[in-house]
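As a plain string of letters, each chain reads:
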Amino acid sequence: MKTERVSQVVLLAGAGAVLAGALALLAADGPVGAGGAGAGAGGAGAAGAPGVPAGLAGPAARAAAGMGAGAGASPPDLAALIGDREAWLRRHPGDAVSWAVLGAAYTEHGVRTGDPAAYPKAERALRRSLEARPAGGGALSHVPAGARALPDRPAGGGGVLEARPAGGGGAPAVLGLGELALARGDFGTALRWARKAGSGWRAQALLVDAHRGLGDDAAAGEALERLRKLRPTSGAAQARAVELYRDRGWREDAAARAHDAVALSGTSAERAAALRRLGDLEWERGYAREALARYEAALRVAPGDAPSLAGRARALAALGRTDEALRMYGAALEARPLPEYALEAGDLYAALGRDAAARERYARAVELADAAESYGVDTALVRGRYEAEHGDPERAVEVLRARWRGGHRSAEVADALGWALLRAGEPEQALPYARAATGRGVRSALFAYHRGEVERALGRDGAARRALEEALRINPYFSPLHAPAARRALAELGEPPQAPPGR
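This one's a predicted model, so the numbers in the text were calculated from it and none came from an experiment.

Rules used in this analysis
Residues numbered from 1 in each chain as written. Predicted model: local features only at pLDDT ≥ 70, side-chain atom pairs only at ≥ 80, totals over all residues. Heavy atoms only, no water. Salt bridge = Lys/Arg side-chain N within 4 Å of Asp/Glu carboxyl O. Helix = DSSP H or I, 4+ residues; strand = E, 2+ residues; numbered from the N terminus. Buried < 20%, exposed > 50% of the residue type's maximum accessible area, 1.4 Å probe, protein only. Patch = residues over 30% accessible without salt bridge, like charges linked within 9 Å, V, L, I, M, F, W, Y side chains within 5 Å. Areas by Shrake-Rupley, 256 points an atom, 1.4 Å probe, with all protein chains shown as cover. Lys, Arg positive; Asp, Glu negative; His and termini not counted. Charge placed at Lys NZ, Arg CZ, Asp CG, Glu CD. Expected span 1.5 Å × (residues − 1). Contact = heavy atoms within 4.5 Å. Polar contact = N/O pair within 3.5 Å; in protein donor to acceptor, adjacent residues only side chain to side chain. Phe/Tyr/Trp six-rings, centres within 6.5 Å; stacked < 30°, edge-to-face > 60°.

Enquirer: Which parts of the structure should I look at to understand the pattern of salt bridges?
Expert: In a structure, side chains of opposite charge can pair up when their charged atoms sit close to one another. In the structure shown here, the tally under the stated rule is 33 salt bridges. The closest approach of N and O atoms between Asp260 and Arg257, which form a salt bridge, is 3.9 Å. With Asp260 and Arg257 both in helix α11 (residues 251-264) and three residues apart, the pair spans about one turn of that helix. With a relative accessible area of 32%, Asp260 lands in the partly exposed category. Members of the salt-bridge network, linked through shared partners, are Arg212, Glu243, Arg246, Asp247, Arg277, Glu284 and Glu412.

Take a look at the structure:
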């Protein structure tokens, strides 16, 4: 099965550099200690650039500047930044700002490589930043025992540290913890941190992403408007406009903003993400050749970009080039081992009748989801989709219902829960969720197919026929398993009955 937008969990990979947050506040904070927060391995040369600690140079400075601008960083530059800050902090363990930089870099590393083991490192570094006393008094204050605690930290003991917004931008660690929660798919916690992070543009970007993840499109739109007032021509604003317009079904507007994002991109990582986003929009409309061209353009800019490799695999499969598609899925899994890529590869193998290989990929998806969950990633959506299709549908209902009740009410969760209920033999319970998923505005072939099957199970043949036809109209290639199933279902339903002639 195709897992649409499973991501924003493991999963906001489509936005390019997920973590722009903590770094850009460094310029306002100024140098820390002798030589500045970044006076270490890099030497002088990059100080004064936006988001670059004083003293950084070379690849580490490029990474800091790219992240500070919301444009992301290449993996080699990111590794250089991590190495530089680790070395600096061994000598200066009280540097709160550099702990925030390091935490932000760990998070981005985890997102870019699909390595959830980076997230606990990020959390330790960011909480260390909160616990350190920043130069000049800082933005941290002690909260007495029993007072309201930070998200995920209980009150009690000797009290906890609470970050207060500073200088209109918010404490770097607060924003970093919000981005970390976003990377883990914990949108509620991301929202709580975003509300503590002040009124700067990065806080608004985080609010857009958190509200979208929770399914609150109105609040996401309000945050987007604030972001666009603060950064009207930024790639970060354009990228989020694309996603929000797509959610509302405004496909032409989304495409226009996606073209703008390509033109405004400042780094190779940001440009590749913008081109990939154009490919996603083409793919969702069933334009396989056009999508393939966009994904290949993204890969020319950023070879090895995992989401572009996976997108290329989908397009190749739609065009009948299945051997190439399977190789692309393998490359995507190697570059970024995410469970949704394994699921998609498994579905393609299953559609080709290669059942042993399909079972192997499905087992790999479960293994990857288990590993991600052990590092604090919310895997409910991808696990629910797997269980509904290939495992225990009742377990899928349990997992997804808990997510829904926990406030995660996006169209993706509604669709997955409705499908799980159908697979568990509860079509009447499934129908409200299927309607919620297709009624939000997003034009999704998968959602329409799922609703069609729910309607068919309830004997509502006319509604089923309309939804199944809509699925194939939106994207006739939407899934190597479900697109053929939609055609079979329509054939079984037959033509609608003819109205009696008028008298």
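Enquirer: Hey, could you run me through a negative patch on the surface in this one?
Expert: Judged by side-chain charge, Asp392, Glu394, Glu426 and Glu428 come together as a negatively charged surface patch. Tracing the sequence through the fold places Glu428 in helix α21 (residues 427-438).

Enquirer: Even after reading the chapter, I still don't get helix α19 (residues 393-405), so can you show me in this structure?
Expert: Taking 1.5 Å per residue as the helical rise, α19 with its 13 residues ought to reach 18 Å, and the 18 Å between its terminal C-alpha atoms agrees with that figure. Those residues of α19 lying buried are Pro393, Ala396, Val397, Val399, Leu400, Arg403 and Trp404. The secondary structure elements touched by the buried residues of α19 are α7 (187-196), α18 (380-390), α20 (411-423) and α21. Residue Asp392 occupies the N-cap position of α19, its side-chain oxygen lying 3.1 Å from the main-chain nitrogen of Glu394.

Enquirer: What is the right way to look at the packing of aromatic side chains in this model?
Expert: Where two aromatic rings form a pair, the distance of their centres and the angle of their planes describe that pair. What the rule picks out here adds up to four aromatic pairs. An angle of 85° between the planes, with centres 5.3 Å apart, marks the rings of Trp404 and Tyr433 as edge-to-face. With Trp404 in helix α19 and Tyr433 in helix α21, this pair connects stretches of sequence that are 29 residues apart. What makes Trp404 buried here is its relative accessible area of 15%. Here Tyr433 falls in the buried class, since its relative accessible area comes to 18%. Ring geometry for Tyr449 and Phe478: centres 5.8 Å apart, planes at 45°, overall tilted. Highlighted residues: Tyr449 in helix α22 (residues 445-457) and Phe478 in the loop between α23 (461-474) and α24 (482-493), separated in sequence by 29 residues. Taken individually, Tyr449 and Phe478 each receive the classification buried, so the pair is uniform in this respect.

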